[in-house]
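Residues per chain, in single letters:
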Amino acid sequence: MAAADNEERSERLEAHYIPMLDYAEAWELQKAYVKQIDREERQETLLLLQHPPTYTIGSDRNPEHLLLNESELKERGISLYEIDRGGDITYHGPGQLVGYPLLYLDAVGLDLHAYLRSLEQAIIDWLGVYGIEAGRKPEYTGVWVGDEKIAAIGVKFNKARNRRGFVTSHGFALNIKEGIAFEGFNGIVPCGIGEYGVTSFNDLTGRDLSVEEAAAELLPFFAKQFKFDVPELVQQRAESSD
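Residue positions are counted from 1 within each chain, in the order its sequence is given. Totals for whole chains, interfaces and linings use all residues, but because this is a predicted model, local features are given only for residues with pLDDT of at least 70 and pairs of side-chain atoms are given and counted only at 80 or more. Side-chain descriptors were evaluated using all non-hydrogen atoms of the structure, hydrogens and water having been removed beforehand.

1. Considering the environment of Leu46
Phase 1: Checked against the element boundaries, Leu46 lands in strand S2 (residues 45–49).
Phase 2: Relative accessibility thresholds used throughout: buried, under 20% of the residue-type maximum; exposed, over 50%; partly exposed, between the two (1.4 Å probe, protein chains only). Residue classification places Leu46 among the buried positions, given a relative accessible area of 1%.
Phase 3: A C-alpha to C-alpha distance of 21 Å links Leu46 and Gly87, two positions 41 residues apart in sequence.
Phase 4: For Leu46, the residues in contact, after removing those within four places along its chain, are Leu13, Glu14, Ala15, His16, Tyr100, Pro101, Leu219 and Phe222. Helix and strand assignments come from DSSP, with helices taken as H or I runs of at least 4 residues and strands as E runs of at least 2, each series counted from the N terminus. Contact criterion: two residues are considered in contact whenever any of their non-hydrogen atoms come within 4.5 Å of each other.

Next comes the structure, spelled out in C-alpha cells:
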C-alpha cells in the first residue's frame, strides 16, 4: 500500500497559510504538531508558509556545499540551521512556498518512497495546469523542469509512540518568485547538485503569481494525492508551540 493510499487516514485535513515565519519557530511548531497528531489530539495538518532568508542543512552533512562564511551570511541576513530532515543543504526565503505536511502514515504496507513521489506528483500536476512540463530526475528527489529544479523535497518520518506508524514532518520548497535562484541559491551548492540549475514559477511563465495564490492553487492537488477532502486554507499568524 502506498503512503498516499493509506486506508486508515481520516478524510479531514487542516491547512494553514502563514505569510512569514522564522525557521526556528516553524521547526518547533512541527515538533509540537507531530506529538499532537501521534496522540490523536490534532487533525493531520498541512502548513504552507514563507521563511525569511535561511539555509538548512539536512542529514547529508557536506559543509563544502555552503559557499559563504559566517560574516558573509550575516552581511546577507541569512540564517543557518542544521536540522533533522534528510538531504543536503537548501535555501528558503521570501517568494518561495514552503509546505510542511504533518501526516500520520500507518506502518502496514507503508512505502516511504511512494510518499515522496506523491509530494512530487502534486506539484507536477499543478504546474501542468500552466503548461509547464515538470518531472523527475531518477537519481534525485524533487521536481524538475528540464535541467533546473523548481521544487526541493526533504522529509523526516517520525516514529509514532502511541500508534504503529509514522508522522511526517518537513516537506517541500517550491520556488515562485522571479529571480529567487539568484537571491539565495548562489551561496550554496543546492542539495549538493552542482551540475544543474534552479528556476521558479514566475521565471518560467512570466506571471506575477503571489506565494499565497500559489498555496491556494496547490492545495487541491495535494489533497487529491493524499485522498483528503479539499480543506479551507486558513490564514494565520505564528503561534506558540506549547
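Having seen the model, we can carry on.
2. Description of helix H1 (residues 23–38)
Phase 1: Every helix has an expected span of 1.5 Å times one less than the residues it contains. The first and last C-alpha atoms of H1 sit 23 Å apart over 16 residues, in line with the 22 Å expected at 1.5 Å per residue.
Phase 2: Every buried residue of H1 is listed here: Tyr23, Ala26, Trp27, Leu29, Gln30, Ala32, Tyr33, Val34, Gln36, Ile37 and Asp38.
Phase 3: Here H1 starts with a cap whose side-chain oxygen sits 3.0 Å from the backbone nitrogen of Ala24, and that cap is Asp22.
Phase 4: Two residues or fewer after H1 comes Glu40, characterised by a positive phi angle close to 60 degrees. Polar contacts here mean pairs of N or O atoms no more than 3.5 Å apart (in protein, one a potential hydrogen donor and the other a potential acceptor; neighbouring residues in sequence count only if both atoms are side-chain atoms).

3. Re the pattern of salt bridges
Phase 1: Salt bridges, as used here, are contacts in which a Lys or Arg side-chain nitrogen is within 4 Å of a carboxyl oxygen on Asp or Glu. Here the structure, examined in full by the defined rule, presents 8 salt bridges.
Phase 2: Here Arg136 makes a salt bridge to Glu120, at a shortest N to O gap of 2.5 Å. Separated by 16 residues along the polypeptide, Arg136 in strand S8 (residues 135–137) and Glu120 in helix H3 (residues 112–129) bring together distant segments of the chain.
Phase 3: The class for Glu120 is buried, based on a relative accessible area of 1%.
Phase 4: Several salt bridges converge on common partners, so that one network encompasses Arg117, Glu120 and Arg136.

4. What to know about the sheet that holds strand S3 (residues 54–57)
As a general point, the strands of a sheet are linked pairwise by backbone hydrogen bonds and lie either parallel or antiparallel.
Phase 1: Pairing between two strands is assigned when DSSP locates at least 2 bridges connecting them. The strand order S4-S3-S5 describes an open sheet built from 3 strands, whose pairing is mixed. Only two strands of the sheet have a single partner each, and these edge strands are strand S4 (79–82) and strand S5 (89–92). Sheet twist, expressed as the average angle between the axes of neighbouring strands with direction ignored, equals 20 degrees.
Phase 2: Here S3 runs beside S4; their pairing, made up of 4 bridges, is parallel. Directly across from Tyr55, in S4, lies its bridge partner Leu80. Only the contacting stretch of a helix is used when fitting its axis, a line to C-alpha atoms as for every element, and angles between N-to-C directions run 0 to 180 degrees.

5. Quick look at the confidence of the model for the protein
Low pLDDT marks regions whose predicted coordinates should not be analysed in detail.
Phase 1: In the predicted model, the protein carries a mean pLDDT of 89, and the fraction of residues at 70 or more is 90%.
Phase 2: Overall, residues 5–9 carries pLDDT values under 50, and its contacts beyond four positions in sequence, including any with other chains, amount to 15 contacts. Along the chain, pLDDT gives the predictor's confidence residue by residue, from 0 to 100.

6. Thoughts on the layout of surface pockets
Phase 1: Definitions used for this entry: grid spacing 1 Å over protein atoms alone; cavity, a set of points where a 1.4 Å probe fits but cannot get out; pocket, an open set with protein on both sides within 12 Å along at least 5 of 7 lines; lining residue, one with an atom within 4 Å of a point. Grid points are joined across faces, edges and corners, and a volume is the space filled by probe spheres set on the points. Estimates place the volume of the largest pocket at around 370 Å³.
Phase 2: Looking at the largest pocket, it is lined by 24 residues, and the ones nearest its centre are Arg85, Gly86, Gly87, Ile153 and Gly154.
Phase 3: Elements with a minimum of two residues in the lining of the largest pocket: S5, strand S9 (140–145), strand S10 (148–159) and strand S11 (166–175).
Phase 4: Here the lining of the largest pocket gets 5 residues from one element, more than from any other, and that element is S10.
Phase 5: Just so you know the grouping, Ala, Val, Leu, Ile, Met, Phe, Trp, Tyr, Cys and Pro go in nonpolar, Asp, Glu, Lys and Arg go in charged, and all remaining residues, Gly too, go in polar. A class-by-class count of the residues in the lining of the largest pocket yields 12 nonpolar, 8 polar and 4 charged.
Phase 6: As for the second largest pocket, its lining consists of 17 residues, of which Lys31, Val34, Lys35, Asn158 and Arg161 are closest to the centre.
Phase 7: Those elements giving two or more residues to the lining of the second largest pocket turn out to be H1, S10 and S11.
Phase 8: It is H1 that provides the largest number of residues to the lining of the second largest pocket, a total of 6 residues.

7. Some words on the pairing of S5
Phase 1: Going residue by residue along S5, you find Ile89 and Tyr91 tucked away on one face and Thr90 and His92 tucked away on the opposite face as well.
Phase 2: For S3 and S5, the ladder comprises 4 bridges, and the chain directions are antiparallel. Each bridged residue has a counterpart across the sheet, and for Tyr55 the counterpart in S5 is Tyr91.

8. Considerations on the nonpolar core
Phase 1: Think of a nonpolar core as a cluster: buried Ala, Val, Leu, Ile, Met, Phe, Trp, Tyr and Cys residues, connected wherever their side-chain atoms sit within 4.5 Å. Leu97, Trp126, Leu127, Phe172 and Leu174 are the most contacted members of the largest nonpolar core, which totals 37 residues.
Phase 2: Counting only elements with at least two residues in this core, the list comes to strand S1 (14–18), S2, H3, S9, S10, S11 and helix H6 (211–225).
Phase 3: With residues up to four places along the chain from it excluded, the contact list for Leu127 reads Ile132, Ala134, Val143, Ile150 and Phe201.
Phase 4: Of all hydrophobic cores here, the second largest spans 19 residues; its members include Ala26, Leu29, Val34 and Val167.

9. Description of the environment of Ile78
Phase 1: As for its position among the elements, Ile78 is in the loop between helix H2 (70–76) and S4.
Phase 2: Ile78 gets classed as buried once you look at its relative accessible area, which sits at 9%.
Phase 3: Taking the C-alpha atoms as reference points, Ile78 and Pro52, separated by 26 residues in sequence, lie 7.8 Å from one another.
Phase 4: Excluding residues within four positions of it along the chain, Ile78 makes contact with Pro53, Thr54, Tyr55 and Leu73.

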